[in-house]
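The lines below spell out each chain.
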Amino acid sequence: MSDVESALLSAVRLVFTLDRDLAEIIGLSMRVSLSAVAVAALIGVPLGGALALLRFPGRKTVIVLLNAFMGLPPVVVGLAVYLMLSRLGPMGVFGLLYSPAAMIIAQSVLVTPIVAALSRQVFVDFWSEYEDQLRSLGAGRGRAILTLAWDARSSLVPPVLAGFGRATAEVGAVMIVGGNIDHVTRVMTTTIALETSKGNLAMAMGLGIVLVLLSLAVNASVFIASEAAAKSGR
Amino acid sequence: MGRSDQYPSVLQTVPGPGDFRGPRMVPGILPLEVRRVSLDMGSRRLLDDLNFTVKSGSFTIILGPNGAGKSLTLRLCHGLLRPTVGEVLWRGIAAREVPKHQTMVFQRPMMLRRSVTANIEYGLRLQGMGRRQRRERIAEVLKLAGLEALAGRAARSLSIGEQQRVAIARAWALRPQVLFLDEPAANLDPSATRAIEGVLRAVHNSGTKIVMSTHDLPQAKRLADEILFLHRGRLLEQSSADTFFDNPVTTEAQAFVEGELLW
């Protein structure tokens, strides 16, 4: 049996016996990414609605920037957040660097443009259908954004899930601002990078399996959610 | 249906939004005056020098073939569009965004993704009406539109004819003084059309002024007190229904009344 095969076996064993270290790492990953996505949804969905419905100077610039930021390199975001949070940075007094909070901030920055840009498109589509009727009933733009957010709720799930996929998959940002400290800021992706370089393939592959399963689950949910959205559309 | 003497034209008793002291007097918003209105899109002139006045009381039908500019005229009157030239005046005052006390029902009913009741309630909420009053008003319009059995259904699961009745009920629940309707029965079968015309008669009899567009000559004959005949973006005739159908003045109107294919 080759090294890879035996490592794969022990990886499967780690996953199915719910190894304590493994579970802790998965738990922290989920906590960080879910929090980041919650923050991104709270900012990104209303921002997407505002960009779709409101007309203000600089609107097009913001849209272009958001679309560009969808592909931000995680390490650059990590570096920027690092500079903000480091002792000498503007938010250094809070002492957040190398904590899960710092990782949540970095991932929120990374994911918010994705949620905002994708949900803007959803709002644009719904607004073209709803505009005349809502204006006719006397709904202001703020009210209209709320109405659309509610009516488009199932169509807004895929943007948020896309953000979640991005958050769980990235390494660079959490590595830089979290520092990959054992039992404190070690998440799935940073562990895989570390254990692989250490030659501990079992742990790396175990986490890899979990990450892939998670990604599958997210994409299956996106599919189911968009099916449901299409169904409720008529 | 010409019973214009029944309706007070200057002051109507309309409950104010969120007004708990009982009904208050709201000045009537009619007459609606469209003065020298033209509408351009790009280099094309879609509406050309429209001049007419809409008064309370009568059931007004904007009649004309497809592409005559009926929908655009209604949107201009309602306030969704601004004229390129000219002005739209309500009781002599130029309209702002979408003026209050008048609502519109569109050709394709737009249902919110919620129940029939919630669709009707949405407009009432926007007016800041209290919950108890909302419930009473909803029960009332559901009954008028014959929608009681469908109240809890998802609005989008209904047939188009039923959706159109929900749209009319939603608009009428706001107790508008003027209700604009853009071909509300287009593409509907006779029974759905009859149901909608029944609702429209009830709305008219309640004292709400109806301005409705149609290209359907028999329907215009069934409903109209007054006809505005549009053709290629121009208003060719405004007269009482009897005069229009018996003695149309222009050759276009004559052709239309005789059922020739006009475009």
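Keep in mind that this is a model prediction, so the values were computed, not measured.

Definitions and cut-offs
Every residue gets a number counted from 1 within its own chain, in the order that chain's sequence is written. Chain letters start at A and ligand numbers start at 1, both assigned in the order the entries are written. In keeping with the model being predicted, local features are shown solely for residues with a pLDDT of at least 70 and side-chain atom pairs are shown and tallied solely at 80 or more, while totals for entire chains, interfaces and linings include all residues. Remark: hydrogens and water are excluded; side-chain values derive from all non-hydrogen atoms of the structure. Secondary structure is summarised from DSSP: a helix means a run of H or I of at least four residues, a strand means a run of E of at least two, and numbering begins at the N terminus for each. Only protein chains enter the calculation, and the probe is 1.4 Å; a residue is then buried if its accessible area is under 20% of its type maximum, exposed if over 50%, and partly exposed in between. By definition in these notes, contact holds between two residues if any of their heavy atoms fall within 4.5 Å. Throughout, the Shrake-Rupley method with a 1.4 Å probe supplies accessible areas, and for residues the shown protein chains are the sole cover considered. Under the counting rule used here, the positive set is Lys and Arg, the negative set is Asp and Glu, and His together with the chain ends is not counted. A charge is said to be at NZ when it belongs to Lys, at CZ for Arg, at CG for Asp and at CD for Glu. To define a nonpolar core, start from buried Ala, Val, Leu, Ile, Met, Phe, Trp, Tyr and Cys residues and group those joined through side-chain atoms within 4.5 Å. Two strands pair under a simple rule: DSSP has to find at least two bridges between them. Angles shown run from 0 to 180 degrees and are taken between the N-to-C directions of axes, each axis being a line fitted to C-alpha atoms and, for helices, limited to the stretch in contact. Pairing of N or O atoms within 3.5 Å defines a polar contact, subject to two protein rules: one partner must be a possible hydrogen donor and the other a possible acceptor, and residues neighboring in sequence count only if both atoms are side-chain atoms. Working definition: roughly parallel below 35 degrees, roughly antiparallel above 145 degrees, roughly perpendicular at 65 to 115 degrees, and oblique for all remaining angles. Definitions for this section: a left-handed crossing has its near helix turned counterclockwise from the far helix by less than a right angle. A right-handed crossing has that turn clockwise. Residues are grouped as follows: nonpolar covers Ala, Val, Leu, Ile, Met, Phe, Trp, Tyr, Cys and Pro; charged covers Asp, Glu, Lys and Arg; every other residue, Gly included, is treated as polar.

1. What about the overall build of chain A?
Turning to step 1, where the next piece is worked out: Tallying secondary structure elements over chain A gives 10 helices and 0 strands in all.
Turning to step 2, where the next piece is worked out: Along its sequence from the N terminus, chain A presents helices and strands in the succession α-α-α-α-α-α-α-α-α-α.
Turning to step 3, where the next piece is worked out: With the principal axes as the frame, chain A shows a C-alpha extent of 70 × 50 × 25 Å.
Turning to step 4, where the next piece is worked out: When the 234 residues of chain A are sorted by exposure, 44% land in the buried category.
Turning to step 5, where the next piece is worked out: Considering only contacts within chain A whose residues lie at least 6 apart along the sequence, 73% involve residues at least 24 apart.
Turning to step 6, where the next piece is worked out: Of the roughly 11,500 Å² of accessible surface on chain A, a fraction of 70% belongs to carbon and sulfur atoms.
Turning to step 7, where the next piece is worked out: Averaging the coordinates of the 17 positive side-chain charges in chain A and doing the same for the 14 negative ones gives two points 11 Å apart.

2. So, the overall build of chain B
Turning to step 1, where the next piece is worked out: Within chain B, the regular secondary structure consists of 8 helices and 12 strands.
Turning to step 2, where the next piece is worked out: Every one of the 263 residues in chain B was classed for burial, and the buried ones make up 54%.
Turning to step 3, where the next piece is worked out: Intrachain contacts of chain B at a sequence separation of at least 6 include 68% that bridge at least 24 residues.
Turning to step 4, where the next piece is worked out: Total accessible area computed for chain B in this model is approximately 12,000 Å², and 49% of it derives from carbon and sulfur atoms.

3. A closer look at unusual backbone geometry
Turning to step 1, where the next piece is worked out: The omega torsion across Leu30(B) and Pro31(B) is 5°, close enough to zero to call that bond cis.
Turning to step 2, where the next piece is worked out: Along the polypeptide, Pro31(B) turns up in the loop between strand S2 (24–27) and strand S3 (32–41).
Turning to step 3, where the next piece is worked out: Despite not being glycine, Tyr98(A) shows a phi value in the positive range, around 60°.
Turning to step 4, where the next piece is worked out: Tracing the sequence through the fold places Tyr98(A) in the loop between helix H4 (74–85) and helix H5 (100–137).

4. Some thoughts on the nonpolar core
Turning to step 1, where the next piece is worked out: Counting residues in hydrophobic clusters, the biggest one holds 104 residues, and the most contacted among them are Leu134(A), Ile61(B), Leu63(B), Ile227(B) and Phe245(B).
Turning to step 2, where the next piece is worked out: In this structure Phe245(B) touches Leu63(B), Leu217(B), Ala220(B), Lys221(B), Ile227(B) and Val257(B), once residues within four positions along its chain are discounted.

5. Considerations on the sheet that holds strand S10 (residues 209–214) of chain B
All names here are of chain B.
Turning to step 1, where the next piece is worked out: Read across the open sheet, the 6 strands follow the order S8-S9-S10-S5-S11-S12; overall the sheet is mixed. On the outer flanks of this sheet lie strand S8 (102–105) and strand S12 (234–240), each paired with one strand and no other. When strand polarity is set aside, the average angle formed by the axes of neighbouring strands in this sheet is 15°.
Turning to step 2, where the next piece is worked out: As defined by bridge partners, strand S5 (residues 59–63) adjoins strand S11 (residues 226–231) across 4 bridges and the pair is classed as parallel. Bridged to Ile 61 within S11 is Ile 227.

6. Describing the side chain of Thr250(B)
Turning to step 1, where the next piece is worked out: Tracing the backbone shows Thr250(B) in the loop between helix H7 (241–246) and helix H8 (251–257).
Turning to step 2, where the next piece is worked out: Only 3.2 Å separates the side chain of Thr250(B) from the backbone nitrogen of Ala253(B), close enough to count as a polar contact.

7. Structural notes on the packing of H4(A) against H5(A)
Residues and elements named next belong to chain A.
Turning to step 1, where the next piece is worked out: Where H4 contacts H5, the axes come no closer than 9 Å and their chain directions differ by 130°. Considered as vectors, H4 and H5 are oriented oblique to each other. You can see that H4 and H5 cross each other, and the crossing is right-handed. From H4, Pro 74, Val 77, Val 81 and Leu 85 reach across to H5, where they touch Ala 102, Ile 105, Ala 106, Val 109 and Leu 110.
Turning to step 2, where the next piece is worked out: Per-class residue counts for the contact of H4 with H5 are 9 nonpolar, no polar and no charged.

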